[in-house]
Amino acid sequence: MRAVVIGSGDIGTAVKQVLVEHGHEVVTVGRQSGDLQADIGDVESLRRLFAEIGTFDAVANAAGHVRSGPVAEATDEQWADSIASKGMGQINVVRAALPHIADNGSFTLVSGVLADEFTHGSSISATVNHMVQGFVLAAAGELPRGIRINCVSPTVLTESEHYYPYFPGFVPVPGAEVGMAYLRAMSTPMTGRIIKLHKMTS
Ligand SMILES: NC(=O)c1ccc[n+]([C@@H]2O[C@H](COP(=O)([O-])OP(=O)(O)OC[C@H]3O[C@@H](n4cnc5c(N)ncnc54)[C@H](OP(=O)(O)O)[C@@H]3O)[C@@H](O)[C@H]2O)c1
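Model, not experiment: these values are computed from the prediction.

## What to know about the packing of helix 1 (residues 10-21) against helix 5 (residues 175-187)
1) Next: In the contact formed by helix 1 and helix 5, the axes pass within 8 Å of each other and the chain directions differ by 60 degrees. In terms of orientation, helix 1 lies oblique with respect to helix 5. Between helix 1 and helix 5 the crossing geometry is right-handed. Of the residues in helix 5, those touching helix 1 at Ile-11, Ala-14, Val-15, Val-18 and Leu-19 are Gly-175, Ala-176, Val-178, Gly-179, Met-180, Tyr-182, Leu-183 and Met-186.

Right under this line is the structure:
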């Protein structure tokens with residue numbers, strides 16, 4: 001499989017490692033980093049990217065940010081920026097890649113535990129994660145040519161110590177497990193699935 005992995009942070013690095021270990025070809029993408037450059041917040045840069053890559057079988061996204069802020073204090077700019085980046089950015093990855101991805105290809109997007117468990121200031125993250133997950137659930141039934149789409153929803157990664165203060169009492173998940181979840185989404189017939197990598201349930 002030839003896979004495009006967008007983002008080389010803790011998740012993107014883990015995804016690339018697992019894919020390479022399983023014999024897949026990986027093209028990495030970032031705004032400054034990666035083999036090729038594009039900004040998921042700029043749909044025209046995505047259209048240029050996927051036209052340039054040519055043939056590929058899968059897109060795994062591990063990029064896009066959200067801002068933290070309690071409802072009473074979060075600004076218009078924090079809301080708009082978060083929706084444009086992690087929300088619409090991931091949707092635009094799919095829209096821009098769709099004309100180019102191979103038959104029976106796959107998209108794997110990312111949400112996060114803050115779709116299901118809430119912390120102080122997590123309302124923007126919760127909203128954007130549900131935006132992504134809602135898109136995945138609905139788009140799975142609409143994509144042509146046997147193309148699949150799934151979403152990985154991890155809790156905080158063991159490697160992402162800088163996020164620990166925002167996740168008090170959350171049990172971290174190793175990046176390798178997140179990478180394996182992407183591999184499963186990309187390599188099996190599943191579609192329209194939200195793969196949750198967190199242990200907290202009500
Ligand atoms: N880390 C965690 O514990 C965790 C847990 C759950 C969910 N998530 C979610 O997973 C995603 C990735 O998080 P992460 O911690 O692995 O990554 P990260 O540290 O935020 O790194 C992001 C990576 O993506 C690239 N990137 C950022 N914005 C981009 C854009 N607009 N267009 C293209 N590339 C972009 C960056 O490279 P350039 O600077 O070169 O663009 C960088 O390689 C985020 O949406 C995050 O909310 C993370």
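Here the narrative resumes, following the displayed structure.
## Observations concerning the pairing of strand 6 (residues 148-154)
1) Next: Of all 7 residues in strand 6, 7 are buried; the element is thus mostly enclosed.
2) Next: The alternating pattern of strand 6 places Arg-148, Asn-150, Val-152 and Pro-154 on one face and Ile-149, Cys-151 and Ser-153 on the opposite face, and all of these are buried.
3) Next: Looking at chain direction, strand 5 (residues 106-110) and strand 6 are connected through 5 bridges and run parallel. Within strand 6, the residue paired with Ser-106 across the bridge is Arg-148.
4) Next: As a crossover connection, the stretch from strand 5 through helix 4 (residues 123-139) into strand 6 is right-handed.
5) Next: Here strand 6 runs beside strand 7 (residues 194-197); their pairing, made up of 4 bridges, is parallel.

## With respect to the packing of aromatic side chains
1) Next: On inspection of all chains with the given rule, the structure shows 2 aromatic pairs.
2) Next: Centre to centre, the rings of Phe-50 and Phe-56 are 5.4 Å apart; their planes meet at 35 degrees, and the pair counts as tilted. Per residue, the accessibility class of Phe-50 equals that of Phe-56, and both read buried.
3) Next: Relative to Phe-170, the ring of Phe-167 has its centre 5.3 Å away and its plane inclined at 85 degrees; by these criteria the two rings are edge-to-face.

## With respect to helix 4
Side chains three or four residues apart in an α-helix point the same way, a direct result of the helix having 3.6 residues per turn.
1) Next: Taking 1.5 Å per residue as the helical rise, helix 4 with its 17 residues ought to reach 24 Å, and the 24 Å between its terminal C-alpha atoms agrees with that figure.
2) Next: Within the sequence span of helix 4, burial applies to Ile-124, Ser-125, Ala-126, Val-128, Asn-129, Val-132, Gln-133, Val-136 and Ala-139.

## A word on the nonpolar core
1) Next: Core analysis: the largest hydrophobic core is formed by 28 residues, its most contacted members being Phe-50, Val-59, Phe-107 and Ile-149.
2) Next: Only strand 1 (2-6), strand 2 (25-30), helix 2 (43-53), helix 3 (76-97), strand 5, helix 4 and strand 6 provide two or more residues apiece to this core.
3) Next: In contact with Phe-50, not counting residues within four places along its chain, are Val-4, Ile-6, Phe-56, Val-59, Val-93, Ala-96, Ala-97 and His-100.
4) Next: One finds Ala-3, Leu-157, Val-173 and Leu-183 within the second-largest nonpolar core, a separate group that totals 23 residues.

## Focus: the site of the ligand
1) Next: Ser-8, Ile-11, Arg-31, Ser-33 and Gly-64 are the nearest of the 24 residues found near the ligand.
2) Next: Between the ligand and the protein, one listed contact pairs a nitrogen atom with a backbone N or O atom of Ile-40 at 2.9 Å.
3) Next: For the ligand, whose free accessible area comes to 880 Å², the fraction covered by protein is 84%.
4) Next: Tallied by class, residues from the shell around the ligand come to 10 nonpolar, 10 polar and 4 charged.

## Description of the sheet that holds strand 3 (residues 36-37)
1) Next: The 7 strands lie next to each other as 3-2-1-4-5-6-7, forming an open sheet whose pairing is parallel. One side of each edge strand has no neighbouring strand; the edge strands of this open sheet are strand 3 and strand 7.
2) Next: Judged from the 4 bridges that link them, strand 1 and strand 4 (residues 58-61) form a sheet pairing that is parallel. Opposite Ala-3, over in strand 4, you have Ala-58 as the bridge partner.
3) Next: In this fold helix 5 packs onto strand 1, strand 4, strand 5, strand 6 and strand 7, with an angle of close to 165 degrees to the strand it touches most, strand 6.

Calculation criteria
Residues numbered from 1 in each chain as written. Predicted model: local features only at pLDDT ≥ 70, side-chain atom pairs only at ≥ 80, totals over all residues. Heavy atoms only, no water. Axes fitted to C-alpha atoms, helices over the stretch in contact; angles between N-to-C directions. Helix = DSSP H or I, 4+ residues; strand = E, 2+ residues; numbered from the N terminus. Parallel < 35°, antiparallel > 145°, perpendicular 65-115°, else oblique. Left-handed = near helix turned anticlockwise from the far one by under 90°. Contact = heavy atoms within 4.5 Å. Buried < 20%, exposed > 50% of the residue type's maximum accessible area, 1.4 Å probe, protein only. Pairing = 2+ DSSP bridges. Right-handed = clockwise from strand over helix to strand, strands pointing away. Phe/Tyr/Trp six-rings, centres within 6.5 Å; stacked < 30°, edge-to-face > 60°. Expected span 1.5 Å × (residues − 1). Core = buried A, V, L, I, M, F, W, Y, C linked by side-chain atoms within 4.5 Å. Near = heavy atom within 4 Å. Polar contact = N/O pair within 3.5 Å; in protein donor to acceptor, adjacent residues only side chain to side chain. Areas by Shrake-Rupley, 256 points an atom, 1.4 Å probe, with all protein chains shown as cover. Nonpolar A, V, L, I, M, F, W, Y, C, P; charged D, E, K, R; others polar.

Shape descriptors only; they carry no functional weight alone.
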